[in-house]
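# Structural description and commentary
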Amino acid sequence: QFSETQRRFLALLFSAPGKQLSQEIMQDLLWPETDLEKGRKRFVPCLFRLRKTIGNLLGETPSQDFIQLQSGIPYLKNCRIDMDFFRSQAQKGLKHFQMGEYWQAGNAFCSADALWRGNFMANTSLEEGEESHRRELLGIFQDICVKWTGLLCRNGLIDEAVEASERALKED
């Protein structure tokens, strides 16, 4: 559904602090070969097409409610980003694991695993900033899988442990 440029646009916003990034920085990252004026001329139609693509997926809900532009800063609003909740649950589980609270760790790992949909922007070529974001999320996923596999084995849930291990290895 999404073009390569639209996926990169979203990846930039998803990985930016506060889910916002200045238009000039986005233009430079999306079209590094163009000058500022040409980048501006590409940016607005790109934003419009992205909103239209999202709108087609959402039906009645206006896509402007989710990707907004204010004072030259595009940002995400009114949306829940699964990767943020994945990271939160994974970190919570890792903290519990470190403290020896294995039941709580397993619950958090299970929640994080349910949110994992594969490598971040897997079919999109990313710049170094977003690529490091991709590697970070994959590292977190593999770390929780290793620890969760151990917990599952301790509880005699060998089949589930094998499944968790296979998912981690598949992503590598």
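Okay, so let's go over this structure. Only a predicted model underlies this, so the values are computations on that prediction, with no experimental measurement involved. (Residues numbered from 1 in each chain as written. Predicted model: local features only at pLDDT ≥ 70, side-chain atom pairs only at ≥ 80, totals over all residues. Heavy atoms only, no water.)

## Structural notes on helix α3 (residues 36-58)
- The end-to-end C-alpha separation of α3 is 32 Å, in line with the 33 Å expected for 23 residues at 1.5 Å each.
- Here α3 has its buried residues at Gly 39, Phe 43, Cys 46, Leu 47, Leu 50, Arg 51, Thr 53, Ile 54 and Gly 55.
- One side-chain oxygen of the residue at the start of α3 lies 3.1 Å from the amide nitrogen of Glu 37, identifying that residue as Asp 35.
- Phi turns positive, to about 80°, at Gly 59, one or two residues after α3. (Helix = DSSP H or I, 4+ residues; strand = E, 2+ residues; numbered from the N terminus. Expected span 1.5 Å × (residues − 1). Buried < 20%, exposed > 50% of the residue type's maximum accessible area, 1.4 Å probe, protein only. Polar contact = N/O pair within 3.5 Å; in protein donor to acceptor, adjacent residues only side chain to side chain.)

## What about the pairing of strand β2 (residues 73-76)?
- In this structure, strand β1 (residues 67-70) lies alongside β2, joined through four bridges in antiparallel fashion. Bridge pairing in β2 links Leu 69 to Pro 74.
- Connecting β1 to the antiparallel partner β2 that follows it, the hairpin turn spans two residues, and Ser 71 within it adopts a positive phi of roughly 55°. (Pairing = 2+ DSSP bridges.)

## Notes on the nonpolar core
- Grouped together as the largest cluster of nonpolar side chains are 42 residues, with contacts concentrated most on Phe 9, Ile 67, Phe 86 and Phe 109.
- Contributing elements (two or more residues each) for this core: α1 (4-15), α2 (23-30), α3, α4 (82-98), α5 (102-115), α6 (128-154) and α7 (158-171). (Core = buried A, V, L, I, M, F, W, Y, C linked by side-chain atoms within 4.5 Å.)

## Let's talk about the environment of Ser 63
- Tracing the chain through its elements places Ser 63 in the loop between α3 and β1.
- Here Ser 63 falls in the buried class, since its relative accessible area comes to 7%.
- Note: C-alpha distance between Ser 63 and Lys 52 (eleven residues apart in sequence) is 7.2 Å.
- If we ignore the near neighbours within four places in the chain, the residues touching Ser 63 are Arg 51, Lys 52, Ile 54 and Gly 55. (Contact = heavy atoms within 4.5 Å.)

## Notes on the pattern of salt bridges
- By the definition in use, this model includes nine salt bridges.
- For Arg 40, the salt bridge is made with Glu 37, and the minimal N-O distance between the two is 3.4 Å. Placement of both Arg 40 and Glu 37 in helix α3 is noted, with a separation of three residues, approximately one turn of the helix.
- Across the pair Asp 84 and Arg 87 runs a salt bridge whose closest N-O atoms are separated by 3.8 Å. With Asp 84 and Arg 87 both in helix α4, this residue pair falls three residues apart, about one helical turn.
- The class of Arg 87 is buried, set by a relative accessible area of 16%. (Salt bridge = Lys/Arg side-chain N within 4 Å of Asp/Glu carboxyl O.)

## Details of the packing of aromatic side chains
- Throughout the structure, instances matching the rule amount to six aromatic pairs.
- Relative to Phe 109, the ring of Phe 97 has its centre 6.4 Å away and its plane inclined at 40°; by these criteria the two rings are tilted. In this pair, Phe 97 is assigned in helix α4 and Phe 109 in helix α5, connecting sequence segments twelve residues apart.
- Ring pairing ties together the aromatic residues Phe 86, Trp 116 and Phe 141, which thus form one cluster.
- If you follow Arg 80 out to its NZ or CZ, it ends over the ring of Phe 85, 4.4 Å from the centre.
- Here the basic side chain of Arg 154 rests over the ring of Tyr 102, its NZ or CZ set 4.6 Å away from the ring centre. (Phe/Tyr/Trp six-rings, centres within 6.5 Å; stacked < 30°, edge-to-face > 60°. Lys NZ or Arg CZ within 6 Å of the ring centre and 35° of its normal.)

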